[in-house]
Amino acid sequence: MSMTHVNIYKLQNDGSQEILAVCRLGGDNTTVVCESSNNVFIQNLAKEGIRDYSDSERKQLFLTDGRKFLEQLKFNFNSGYLNASDIIEE
Amino acid sequence: MGFFEQIFKRSGQPEVPGEPKKEEEGIETRERTSPIPGPEEEVLMSGRANRTEKLFGARTMTFIEIENDGAGIWKSRDIENERAAYIVDRFFGFNLVPPTVIRTIEGTPGSLQQFIADAKTGYEVENEKFPLPDEDVVKMAVFDFLIDNGDRNGGNFLLKGNKIFAIDHGIAFGRYGGEIYFYRRNDMLNRMIPKEVKNNILTFVAQQNSVDLLRGFLQEILSERQVAAFFRRLELLVGCSRRGRFFSEEEWNSLVWGPLH
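Since this is a predicted model, take the numbers as computed values, not measurements. (Residues numbered from 1 in each chain as written. Chains lettered and ligands numbered in written order. Predicted model: local features only at pLDDT ≥ 70, side-chain atom pairs only at ≥ 80, totals over all residues. Heavy atoms only, no water.)

A. The nonpolar core, seen in detail. Of all hydrophobic cores here, the largest spans 53 residues; its most connected members are B:F92 and B:F247. Breaking this core down by element, the ones donating at least two residues are α4 (79–92), α5 (134–146), β7 (157–160), β8 (163–166), α7 (195–206), α8 (208–221) and α9 (224–243) of chain B. Residues contacting B:F92, with those up to four places away along its chain left out, are B:L146, B:N200, B:I201, B:F204, B:L214, B:F230 and B:L234. Counting residues in each nonpolar core, the second largest holds 21 residues, with A:C23, A:L45, A:L63 and B:Y123 among its members. (Core = buried A, V, L, I, M, F, W, Y, C linked by side-chain atoms within 4.5 Å. Buried < 20%, exposed > 50% of the residue type's maximum accessible area, 1.4 Å probe, protein only. Helix = DSSP H or I, 4+ residues; strand = E, 2+ residues; numbered from the N terminus. Contact = heavy atoms within 4.5 Å.)

What follows is the structure in structure tokens.
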């Protein structure tokens, strides 16, 4: 499994942020795998996908879109309550 | 003459179905009809910032704890849209948007919105058990049309018990001409508009003072084009409210979006 990943943070009542989910680029660089103790979040993310904000039509992206999915997470999760990091390459 | 031909042949002002309310002597109309500022806004504006936490991952956002009075989320982008969305919410009684003000923090202007504790985002809620009644979703759709919101996804609405909160309105008021919604737009077409929503819209346009007040508030923070487009959208919703239903598919497909953004 690649170490390239994005952290998704959930804002807590005291202003601290906990990692809600980690989405990693698969070894084949073509699929993303997201892990979280919150299965509902993971299921919704997999089922609903996110939007490509770099695309004029804002088409949907899914885990199978690989790196593009990771890149766009921070544009989809930036409300303050859920925030995604930049891609972290390790 | 068809429905939309009638709409666009009218002047820019929404139609007022009855006589304007006569002002009573000695009573300040502004005090009677303006729903803002409310006490929660006063707290956001003036409350002492006890502690601030810059948020990981979020661009230009800070969590601000307000002394003895909760907390807020401050952002330095799209601040006019955030404030305008709240103002519209208050004037029409949607009760979706948490109180939001414009406040300068450390020399930088931003929008400060009341933090909703113990809330889940749409992504954190099981779809099958989506607790919102249909009419709340339609209410959100009406609100999103009114503010020309181009982005309502599972990350920018909150649920707390049975209450829904609408957040993150940076991409509104003409900022983006497309549609991203957690609900399917087609599922909203021809749906009955909740009675409270349609009554609030019709009551609002019947009170010229309220119309003028809202226009004034919006003109302070939005461009002339944005304000004009807002009132065009409102006029269309007045038609929907009179019929009691959101746009039909035919009406929706006939919309000419340029003047509405």
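B. The arrangement of empty space enclosed by the protein in detail. Overall, the coordinates contain one cavity of 30 Å³ or more when judged by the stated rule. The volume enclosed by the largest cavity comes to roughly 80 Å³. What lines the largest cavity is A:S79, A:Y81, B:M61, B:I73, B:K75, B:E82, B:S111, B:Q113, B:I167 and B:D168. When its residues are assigned to classes, the lining of the largest cavity shows four nonpolar, three polar and three charged. (1 Å grid on protein atoms, 1.4 Å probe; cavity = no way out; pocket = protein on both sides within 12 Å on 5 of 7 lines; lining within 4 Å. Points joined across faces, edges and corners; volume = space filled by probe spheres on them. Nonpolar A, V, L, I, M, F, W, Y, C, P; charged D, E, K, R; others polar.)

C. Structural view of the side chain of B:T121. Along the chain, the position of B:T121 falls in strand β6 (residues 120–121). The buried category is assigned to B:T121, whose relative accessible area is 0%. Sequence-distant contacts of B:T121, defined by excluding residues within four places in its chain, comprise A:Y81, A:L82, B:G154, B:G155, B:F157 and B:L158.

D. Highlighting α5(B). Residue and element names in this part refer to chain B. Taking 1.5 Å of rise per residue, 13 residues should cover 18 Å, and α5 covers 19 Å from first to last C-alpha, within 8% of that figure. Most of α5 sits inside the fold, with eleven of its 13 residues counted as buried. Looking at α5, one finds that the buried residues are D136, V137, V138, K139, M140, A141, V142, F143, D144, F145 and L146. Among the residues trailing α5, D148 stands out with phi positive, at a value near 55°. (Expected span 1.5 Å × (residues − 1).)

E. Examining the sheet that holds strand β2 (residues 61–66) of chain B more closely. Residues and elements named next belong to chain B. Pairing in this open sheet of five strands is antiparallel, and the strands run β1-β2-β3-β5-β4 from one edge to the other. Lying at the two open borders of the sheet, with one neighbouring strand each, are β1 (49–54) and β4 (100–105). Across the sheet, the mean angle from the axis of one strand to that of its neighbour is 30°, orientation sign disregarded. Pairing between β4 and strand β5 (residues 108–114): six bridges, direction antiparallel. Among the inter-strand pairings, T104 is bridged to a residue of β5, identified as P109. Across the face of the sheet, helix α3 (residues 39–46) comes into contact with β2, β4 and β5 while running at roughly 10° to β4. Running over the sheet, α4 touches β3 (71–75), β4 and β5 and is turned about 150° from β4. (Pairing = 2+ DSSP bridges. Axes fitted to C-alpha atoms, helices over the stretch in contact; angles between N-to-C directions.)

F. The interface of chain B and chain A, seen in detail. Taken together, the contacts link 34 residues of chain B with 34 residues of chain A. Here chain B meets chain A over a buried area of about 2,800 Å², counting both sides, of which 53% is carbon and sulfur. At the surface where chain B touches chain A, the tally comes to one salt bridge. Between B:E124 and A:K10 there is a salt bridge, with the nearest N and O atoms lying 3.0 Å from each other. The tally of links between chain B and chain A comes to twelve residue pairs in polar contact (both at pLDDT 80 or more). Among the elements of the structure, β1, β2 and β6 of chain B are those that each provide at least two residues to the side of chain B that touches chain A. With three residues, the single largest contributor to the side of chain B that touches chain A is β1(B). (Buried area = accessible area lost by both parts, 1.4 Å probe. Salt bridge = Lys/Arg side-chain N within 4 Å of Asp/Glu carboxyl O. Polar contact = N/O pair within 3.5 Å; in protein donor to acceptor, adjacent residues only side chain to side chain.)

G. View of the sheet that holds strand β1 (residues 5–11) of chain A. Residues and elements named next belong to chain A. Within the open sheet, the four strands sit side by side as β3-β2-β1-β6. Their pairing is antiparallel. Two strands in the sheet have a free side with no partner beyond their single neighbour: β3 (32–35) and β6 (82–84). Between one strand axis and the next, the sheet turns through 20° on average, direction left out of account. Packed on one face of the sheet, helix α1 (residues 39–48) meets β1, β2 (17–25), β3 and β6 and runs near 45° to β2.

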